[in-house]
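Chain and residue survey
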Amino acid sequence: MDFLPANINAYAEASTSSESELLYQLNRNTRAQIMAPRMLSGHMQGRFLSMISWMIRPRRILEIGTYTGYSALCLAEGLVDDGLLITIDHNEELEDFARSYWQKSPLNDKIDFRLGSAMDIIPTLNETFDLVFIDADKRNNSAYFDLIFDKVRPGGFMLADNVLWSGKVVELVKPSDLDTQSVLAFNEKVQNDSRVENVLLPVRDGIMMIRKR
Ligand SMILES: C[S@@+](CC[C@H](N)C(=O)[O-])C[C@H]1O[C@@H](n2cnc3c(N)ncnc32)[C@H](O)[C@@H]1O
């Protein structure tokens, strides 16, 4: 979902660094071969995630929701030399596809894929994260926030994708679907949590940027 007019969007994309050839191929082949390609972060958001990661220079990143591995490659770009990105997805059908692209990247050794339910895997992680990207099933956003909170270092960051949920968060009629209700509840929870500072960035489908105090 894009909220900007198409010409502004195109100009912003044209004025943003290009994807690498590998990311371009991953983006294109996801669209051609994989179900629901709109889930992929894509060029602009990918460069944004990379930029954020370069700004933080994280040692540990957690990604919840791998899909075809595009955002994992983008986020891994800013890791320090001995850094690691753990990425979780429960869809085993996508693992080989994602790995086939990671293996063509020098960042491959920095990506640790965990297959399974994020709710089961997160409690088993004995790491302190500098950066977390929440991008899986939106109805569990609040649960993921609670599960990871103590594993994020003070001063660390969390990003949550799709927090505008195609604009449904501002519909006048009270939403009846669980996903919209969950996104609304998550945004409100973050906004009211005095332990964090947050910015809802209206880029693409909305990214909630959160800093743990
Ligand atoms: C929006 S896609 C992730 C897109 C990816 N981060 C990117 O930007 O290219 C969401 C992914 O979350 C995964 N997912 C959904 N619910 C999950 C769960 N409970 N545990 C683990 N993975 C889950 C789906 O299989 C899907 O691949």
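Structure report, in brief.

What counts and what doesn't
Residues numbered from 1 in each chain as written. Predicted model: local features only at pLDDT ≥ 70, side-chain atom pairs only at ≥ 80, totals over all residues. Heavy atoms only, no water. Helix = DSSP H or I, 4+ residues; strand = E, 2+ residues; numbered from the N terminus. Rg over C-alpha atoms; globule rule 2.2 N^0.38 Å. Buried < 20%, exposed > 50% of the residue type's maximum accessible area, 1.4 Å probe, protein only. Areas by Shrake-Rupley, 256 points an atom, 1.4 Å probe, with all protein chains shown as cover. Pairing = 2+ DSSP bridges. Salt bridge = Lys/Arg side-chain N within 4 Å of Asp/Glu carboxyl O. Phe/Tyr/Trp six-rings, centres within 6.5 Å; stacked < 30°, edge-to-face > 60°. Near = heavy atom within 4 Å. Polar contact = N/O pair within 3.5 Å; in protein donor to acceptor, adjacent residues only side chain to side chain. Nonpolar A, V, L, I, M, F, W, Y, C, P; charged D, E, K, R; others polar. Arc of directions from axis to C-beta. Contact = heavy atoms within 4.5 Å.

1. Describing the overall build of the chain
When helices and strands are tallied, the chain shows eight helices and seven strands. For the chain, whose C-alpha radius of gyration is 16 Å, the value lies close to the compact-globule estimate of 17 Å for 213 residues. Classification of the 213 residues of the chain by burial places 51% in the buried group. For the chain, the accessible surface area stands at approximately 10600 Å², while carbon and sulfur atoms represent 53% of it.

2. Focus: the pairing of strand S6 (residues 196-201)
Where S6 meets strand S7 (residues 207-212), six bridges bridge the pair, whose relative direction is antiparallel. The partner of leucine 200 across the bridge, within S7, is methionine 208. With antiparallel pairing between neighbouring strands as the criterion, S6 and S7 make up a hairpin whose turn holds five residues, including arginine 204 at a positive phi of roughly 50°.

3. Concerning the pattern of salt bridges
Counted by the stated rule, this structure contains 13 salt bridges. Between arginine 59 and aspartate 82 there is a salt bridge whose closest N-O contact spans 3.8 Å. Taken together, the residues span a long stretch of sequence, with arginine 59 in the loop between helix H3 (42-56) and strand S1 (60-64) and aspartate 82 in the loop between helix H4 (70-76) and strand S2 (84-89) at a distance of 23 residues. Given a relative accessible area of 40%, arginine 59 falls into the partly exposed group. Arginine 213 is the salt-bridge partner of glutamate 197, the closest N and O atoms lying 3.0 Å from each other. Of this pair, glutamate 197 sits in strand S6 while arginine 213 sits in the segment after S7, and the two are 16 residues apart along the sequence. Here glutamate 197 falls in the partly exposed class, since its relative accessible area comes to 37%.

4. A look at the packing of aromatic side chains
The geometry of an aromatic ring pair is captured by the separation of the ring centres together with the interplanar angle, meaning the angle of the planes. Scanning the entire structure with this criterion turns up four aromatic pairs. With a centroid separation of 5.2 Å and an interplanar angle of 45°, the aromatic rings of phenylalanine 97 and tyrosine 101 are classed as tilted. Of the two residues, phenylalanine 97 and tyrosine 101 are both situated in helix H5 (residues 95-102); the distance of four residues between them amounts to about one turn of the helix. For the residue pair phenylalanine 97 and tyrosine 101, the accessibility class agrees, reading buried in each case.

5. Some remarks on the site of the ligand
Within the structure, the ligand sits among 21 residues, and Ser41, Gly65, Ser71, Asp89 and Asp135 are positioned closest to it. Contacts to the ligand include histidine 90, whose backbone N or O atom sits 3.2 Å from a nitrogen atom. Contact distances for the ligand include 3.3 Å between a nitrogen atom and a side-chain N or O atom of aspartate 137. Summarising the interface, the protein chains cover 92% of the accessible area of the ligand, which totals 610 Å² for the free molecule. Residue composition of the shell around the ligand, by class: nine nonpolar, eight polar and four charged.

6. Some remarks on H5
Inspection of H5 places Glu95, Phe97, Ala98, Tyr101 and Trp102 among the buried residues, and these make up the whole buried set. Down the axis of H5, the sector holding all buried residues measures 165°, keeping them to one side. In the core, the buried residues of H5 are packed alongside helix H2 (21-33), H4, S2 and strand S3 (111-115).

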